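Read off the chains here:
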Amino acid sequence: MDFHEIVDPLEKQKIVREILESLPEWFGIVESREEYIRDSSELPCFGAFNGKRSGGFVCLKETGKDTVELHVIGVFKEYHRQGIGRKLFSLAKNYAESKGYSFMQVKTVKMGTFDEYDKTNLFYISLGFKEFDL
């Protein structure tokens, strides 16, 4: 896999749409999914590519002068558990640090609500995120 920033707004939306639509367990609410797709065109996004085919992406969103949110991340299921999400996070974290952000957050569903989200939460915990709200 090749990893790099996605610059073109239309390419961002195309990649985000393709991947999020393939992950209905996490992105099944159409309105929310469409909002992520719209937002992606204006946000810093990084992608994983197998040749010309996208394998995953991550987008960041500024939430304050010193804070950034891991706004949305998605990896095709066929690439899960291969370190792609971790590498995408690393790129996003390095970018955030280079821009002077001192805090990164991610918003997700509370542990124990859905099995699929519990797996996602364990991934975030493995990246160093902590539970903020109960």
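Residues numbered from 1 in each chain as written. Predicted model: local features only at pLDDT ≥ 70, side-chain atom pairs only at ≥ 80, totals over all residues. Heavy atoms only, no water.

1. Here we look at the pattern of salt bridges
Pairs can form between side chains of opposite charge once their charged atoms are near each other.
Phase 1 of the analysis: Across all of its chains, the model carries 6 salt bridges by this definition.
Phase 2 of the analysis: Notably, a salt bridge pairs Arg17 with Glu21, separated by 3.1 Å at the nearest N-O pair. Taken as a pair, Arg17 and Glu21 lie in helix 1 (residues 9-21) at a separation of 4 residues, close to a single helical turn.
Phase 3 of the analysis: Across the pair Glu25 and Lys77 runs a salt bridge whose closest N-O atoms are separated by 2.2 Å. Here Glu25 is found in helix 2 (residues 24-27), whereas its partner Lys77 is found in the loop between strand 4 (67-75) and helix 4 (84-98), with 52 residues between them in sequence.
Phase 4 of the analysis: On the basis of relative accessibility, which here comes to 34%, the residue Glu25 falls in the partly exposed class.
Phase 5 of the analysis: Classification of Lys77 as partly exposed rests on a relative accessible area of 39%.
Phase 6 of the analysis: A single salt-bridge network, built from bridges that share partners, covers Arg17, Glu21 and Glu34. (Salt bridge = Lys/Arg side-chain N within 4 Å of Asp/Glu carboxyl O. Helix = DSSP H or I, 4+ residues; strand = E, 2+ residues; numbered from the N terminus. Buried < 20%, exposed > 50% of the residue type's maximum accessible area, 1.4 Å probe, protein only.)

2. Describing the state of the cysteines
Phase 1 of the analysis: In this structure the tally under the stated criterion is 1 disulfide.
Phase 2 of the analysis: Paired by a disulfide, Cys45 and Cys59 hold their sulfur atoms 2.2 Å apart. One quick way to see it: the torsion about the S-S bond of Cys45 and Cys59 is about 100°, and its sign makes the bridge right-handed. Note that Cys45 is positioned in strand 2 (residues 45-50) and Cys59 in strand 3 (residues 53-62), a separation of 14 residues in sequence. (Disulfide = S-S within 2.5 Å.)

3. Here's the deal with the packing of helix 1 against helix 3 (residues 30-40)
Phase 1 of the analysis: Where helix 1 contacts helix 3, the axes come no closer than 8 Å and their chain directions differ by 155°. With respect to helix 3, the element helix 1 is oriented roughly antiparallel. In terms of crossing hand, the pair formed by helix 1 and helix 3 is right-handed. Note on element contacts: helix 3 touches helix 1 through Arg33, Glu34, Tyr36, Ile37, Arg38 and Ser40, opposite Lys12, Gln13, Val16, Arg17, Leu20 and Glu21. (Axes fitted to C-alpha atoms, helices over the stretch in contact; angles between N-to-C directions. Parallel < 35°, antiparallel > 145°, perpendicular 65-115°, else oblique. Left-handed = near helix turned anticlockwise from the far one by under 90°. Contact = heavy atoms within 4.5 Å.)

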